[in-house]
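# Coordinate analysis (summary)
Take a look at the letters that make up each chain.
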Amino acid sequence: QVQLIESGGGLVQAGGSLRLSCVDSGRTFSKNTMGWFRQPPGKEREFVAAIAWSDSITFYSDSVKGRFTISRNNANNTVSLQMNSLKSEDTAVYYCAAYARLYSYAGFDEEGQYDYWGQGTQVTVSS
């Protein structure tokens, strides 16, 4: 079965940086859209960023645009989220997600478009 495993979460002070990684252990990492979502304490899960089959096709929520960068490495079957200039509002459980279908990024900010989900990794930003 497809398994998505996140890592890299932790505690960081405001203004600092963290890099999250997600490894697809169940298939060859190739032409499917991958995304990151997050769920702050007491709030609903929200879209953060997504990337298609090319590193040049990326999408970000307004709240993280200019601070976060999503990337993928097909050789390592890994998608990453570089988070800079972190704020206390970024505190959340971060989830990696993946499409089953290939060569499509329609609905990249919709939870229902993603077929596979990781277990989540906690990011805590102190003010």
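Report on the accompanying structure. (Residues numbered from 1 in each chain as written. Predicted model: local features only at pLDDT ≥ 70, side-chain atom pairs only at ≥ 80, totals over all residues. Heavy atoms only, no water.)

## Comments concerning unusual backbone geometry
How we decide: Labels follow the DSSP assignment, with helices taken as runs of H or I lasting at least four residues and strands as runs of E lasting at least two, numbered in each case from the N terminus. Only protein chains enter the accessibility calculation, which uses a 1.4 Å probe; a residue whose area is less than 20% of its type maximum is buried, one above 50% is exposed, and one in between is partly exposed.
Although it is not a glycine, Ser-85 adopts a positive phi angle of roughly 50°. Mapped onto the elements, Ser-85 comes out in the loop between strand 8 (78-83) and strand 9 (92-102). Owing to a relative accessible area of 42%, Ser-85 belongs among the partly exposed residues under this scheme. A positive phi is found at Tyr-103, a non-glycine position, where the angle reads about 55°. Tracing the backbone shows Tyr-103 in the loop between strand 9 and strand 10 (116-117).

## Considerations on the pairing of strand 4 (residues 32-39)
Defined as follows: Following DSSP output, two strands are said to pair if at least two bridges run between them.
For strand 4, the tally of buried residues reaches seven of eight residues, placing the bulk of the element in the interior. Here strand 4 pairs with strand 5 (residues 46-51) via five bridges, running antiparallel. The partner of Met-34 across the bridge, within strand 5, is Ile-51. Taking the residues that link successive antiparallel strands as the turn, the strand 4-strand 5 hairpin has six residues, and the phi of Gly-42 there is positive, at about 75°.

## Overview of the pairing of strand 8
Within a regular beta strand, the side chains point alternately toward one face of the sheet and then the other, so they alternate between its two faces. The element strand 8 is extensively covered by neighbouring structure, given that five of its six residues are classed as buried. Judged from the six bridges that link them, strand 3 (residues 18-24) and strand 8 form a sheet pairing that is antiparallel. Each bridged residue has a counterpart across the sheet, and for Arg-19 the counterpart in strand 8 is Gln-82. Both strand 7 (residues 68-73) and strand 8 contribute to a ladder of six bridges, which runs antiparallel. Residue Ser-71 lies in a different strand from strand 8, and its bridge partner there is Ser-80. Remark: four residues form the turn of the hairpin made by strand 7 and strand 8, two consecutive strands paired antiparallel; Asn-77 in that turn has positive phi of roughly 55°.

## Things to note about the packing of aromatic side chains
Convention followed: Note on aromatic contacts: the rings of Phe and Tyr and the six-membered ring of Trp form a pair at centre separations within 6.5 Å, being stacked when their planes are under 30 degrees apart, edge-to-face when over 60 apart, and tilted otherwise. Counting as a charge over the ring demands two things of the Lys NZ or Arg CZ atom: a distance within 6 Å of the ring centre and an angle within 35 degrees of the ring normal.
Applying the stated criterion across every chain, the model contains ten aromatic pairs. Among the aromatic side chains, those forming a connected cluster through ring pairs are Phe-37, Phe-47, Trp-53, Phe-59, Tyr-99, Tyr-103, Tyr-105, Phe-108, Tyr-114 and Trp-117. Above the face of the Tyr-95 ring, Arg-45 is positioned so that its terminal group lies 5.3 Å from the ring centre. Here Arg-45 stacks its cationic end above the ring of Trp-117, 4.0 Å away from the centre of that ring.

## Remarks on the environment of Lys-31
Basically, it comes down to this: The criterion used for residue contact is that any of the two residues' heavy atoms lie within 4.5 Å.
Relative to the helices and strands, Lys-31 is located in the loop between strand 3 and strand 4. The class of Lys-31 is partly exposed, set by a relative accessible area of 29%. A C-alpha to C-alpha distance of 5.7 Å links Lys-31 and Tyr-103, two positions 72 residues apart in sequence. When neighbours within four sequence positions are excluded, Lys-31 is seen to be in contact with Trp-53, Leu-102 and Tyr-103.

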